[in-house]
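Report on the structure
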Amino acid sequence: MSGIYIHIPFCKSRCAYCDFHSGTDLSIKKELVDALCAEIELRKNYIRQPVKTIYFGGGTPSILNKEELSQILNTIHTSFNTSQCVEMTLEVNPDNITIEYLKMLQSLQFKRISMGIQSFNDDELRLINRRHSARKAIEAVKLCQASGFNNISIDLIYGLPNQTLESWQYSLNMAIELGVQHISAYHLTYEKGTKISQLIEKKQLNPVSEDLSVEMFKLLVNTLEANAFEQYEISNFAKENFRSRHNSSYWNNQSYLGIGPSAHSYDLNSRQWNLASTKQYISHIQSNRNFFEIEILTAEEKYNDFIITRLRTKEGIDLSVLKEFGTKLNDYCLKNAQSGIKQNLLTIENNHLKLTKEGIFVSDRIFSDLIRV
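All residue numbers refer to position in the chain's written sequence, counted from 1. At least 70 in pLDDT is required for a residue's local features to be given in this predicted model, at least 80 for side-chain atom pairs to be given and counted, and no such filter applies to totals for whole chains, interfaces and linings, which use all residues. To get the side-chain values, take all heavy atoms of the structure and skip hydrogens and water.

1. A word on the pairing of strand β6 (residues 182-187)
Two strands pair if DSSP finds at least two bridges between them. Here a strand is any run of E in DSSP of at least two residues, a helix any run of H or I of at least four, and the numbering for each starts at the N terminus. Bridging between strand β5 (residues 152-158) and β6 involves six bridges; their strand directions are parallel. Its bridge partner being in β6, Tyr158 is matched across the sheet by His187. For crossovers, right-handed means that the path from the first strand over the helix to the second runs clockwise, given strands pointing away from the viewer. Taken together, β5, helix α6 (residues 165-178) and β6 form a β-α-β motif whose crossover is right-handed. In this structure, β6 lies alongside strand β8 (residues 236-238), joined through three bridges in antiparallel fashion.

2. A short note on the packing of α6 against helix α8 (residues 210-225)
Helices that pack against each other are described as a pair by the angle of their axes relative to one another and the distance between those axes. Between α6 and α8, the shortest axis-to-axis distance is 10 Å and the interhelical angle comes to 25 degrees. By the criterion of interaxial angle, the relationship of α6 to α8 is roughly parallel. For α6 against α8, the interelement crossing comes out right-handed. For the pair α6 and α8, the contacting residues are Leu165, Trp168, Gln169, Leu172, Asn173 and Ile176 in the first and Leu212, Glu215, Met216, Leu219, Leu220, Thr223 and Leu224 in the second. Among the residues forming the contact of α6 with α8, the class breakdown is nine nonpolar, three polar and one charged. Here an axis means a line fitted to C-alpha atoms, over the contact stretch when the element is a helix, while the angle between two N-to-C directions is reported on a 0 to 180 degree scale. Should an angle lie under 35 degrees it is considered roughly parallel, over 145 roughly antiparallel, and from 65 to 115 roughly perpendicular; all remaining angles are considered oblique. Note on convention: near helix rotated counterclockwise from far helix by under a right angle means a left-handed crossing. Clockwise means right-handed. Contacts were defined at the residue level, with two residues in contact if any of their heavy atoms lie within 4.5 Å. Three classes are used: nonpolar for Ala, Val, Leu, Ile, Met, Phe, Trp, Tyr, Cys and Pro, charged for Asp, Glu, Lys and Arg, and polar for all others, with Gly counted as polar.

3. Focus on the pairing of strand β9 (residues 256-259)
Burial classes follow relative accessibility: with a 1.4 Å probe on protein chains only, a residue under 20% of its type's maximum area counts as buried, one over 50% as exposed, and anything between as partly exposed. Side chains of β9 alternate between two faces, with Tyr256 and Gly258 and Leu257 and Ile259 buried alike. When strand β1 (residues 2-8) meets β9, the two strands line up parallel, connected through four bridges. Among the inter-strand pairings, Gly3 is bridged to a residue of β9, identified as Tyr256.

4. Remarks on the nonpolar core
Ile6, Phe56, Leu69, Ile72, Leu105, Phe120 and Ile154 are the most contacted members of the largest nonpolar core, which has 91 residues in total. Non-local contacts of Ile154, meaning those with residues more than four positions away in its chain, are made with Met115, Ile117, Phe120, Val141, Ala175, Val180, His182, Ile183 and Ser184. By size, the runner-up hydrophobic cluster in this structure holds seven residues, among which are Ile128, Ile157, Leu188 and Ile200. What we call a nonpolar core is a set of buried Ala, Val, Leu, Ile, Met, Phe, Trp, Tyr and Cys residues that are connected through their side-chain atoms within 4.5 Å.

5. A closer look at the side chain of Gln231
Summarising the element assignment, Gln231 is placed in strand β7 (residues 230-233). Residues contacting Gln231, with those up to four places away along its chain left out, are Phe217, Val221, Glu225, Asn236, Phe237, Lys314 and Ile360.

6. Section: the sheet that holds strand β14 (residues 346-349)
Taken together, the three strands give an open sheet; going across it, the order is β13-β15-β14, and neighbouring strands pair in antiparallel fashion. Of all strands in the sheet, those with a lone pairing partner are β13 (317-318) and β14, marking the two edges. Bridge count for β13 against strand β15 (residues 352-355) is two bridges, and the pairing is antiparallel. Within β15, the residue paired with Asp318 across the bridge is His352.

7. Description of helix α15 (residues 363-370)
Taken as a whole, α15 has its buried residues at Ser363, Ile366, Phe367 and Leu370. Taken down its axis, α15 places every buried residue within 105 degrees of arc, on the same side. The arc under discussion is defined with respect to the helix axis, by the directions toward the C-beta atoms.

8. Overview of the packing of helix α1 (residues 29-42) against helix α2 (residues 66-79)
Two elements in contact, α1 and α2, have axes separated by 9 Å at closest approach and are oriented at 5 degrees. Classified by the angle between their axes, α1 and α2 sit roughly parallel to one another. Residue-level contacts link Lys29, Val33, Asp34, Leu36, Cys37, Ile40 and Glu41 of α1 to Glu68, Gln71, Ile72, Thr75, Ile76 and Ser79 of α2. When its residues are assigned to classes, the contact of α1 with α2 shows six nonpolar, three polar and four charged.

What follows is the structure, encoded as structure tokens:
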């Protein structure tokens, strides 16, 4: 299975925690769309297999209108074999969708919505500079449902400064009550240069303690599992048959093509990443200059990627596939896994090495034990 990711690097305002490449200058939107289509045509031989998933991320892809989305999709359909495409996703923000916009998305064959809600607590939303309120987020989910979408994913963040177990439980309960099919929940990371990290450095905000972070993660896992959500990846939870097929391709070592500024691509042998400047990306595309860098992966780098991505999943590492990396790396992994197995942090079931429930809480430590430096 191969997937295509389209990065739309525009936002009306910047969130306090975000270090993704995005900007607020919409005057170059038309130029960007043209550049995206040009890149798609240039990269039409990058993916040899049929394209199974298409994902518009950002930024705020819902800034694009019907004509712009149609232009990009038509270019994809003429450049790649999309006859077997099973999932098309568009990320949206709660504050900029309407019933008319959602109906338009359906007319273009979008079946899945991913919504960046982050919290159902207004104080927390203001802290991270989200434009919507909790009420608006609730209304947006219901609007998607009323428009006929029955595959809705929402993003939530925990570990926010001043966040409590009670407020986190409320956000989880609200997500469950709304009846969404998928929840991606991430611990806040303090990325250098973001507004929230600057406030932490100035002692104007205090990060949550490690103990509280662990309790929040336990609450996340236990609450969602009790409500029929499958934790199929460390940070991702889905109702039955509603896993993200696009994101699963990343974790299952499938090839994918990233289109747009800062987008990454992977063809099983190398990684490529585009210029992380929208204006430079457009300029390089327009003047036929190289717009990406490439790294050919060594056997050990492929092994490390395999360990980190597969061990994040519910299924874990297929030991028969591990053998394909050669005796040296196979033996290295199994030898270093013994400590985790003895501590009940790792287990082997049906020839798969996987994290136990206890191991999920210390997964970073286990990754560092198994990767080859």
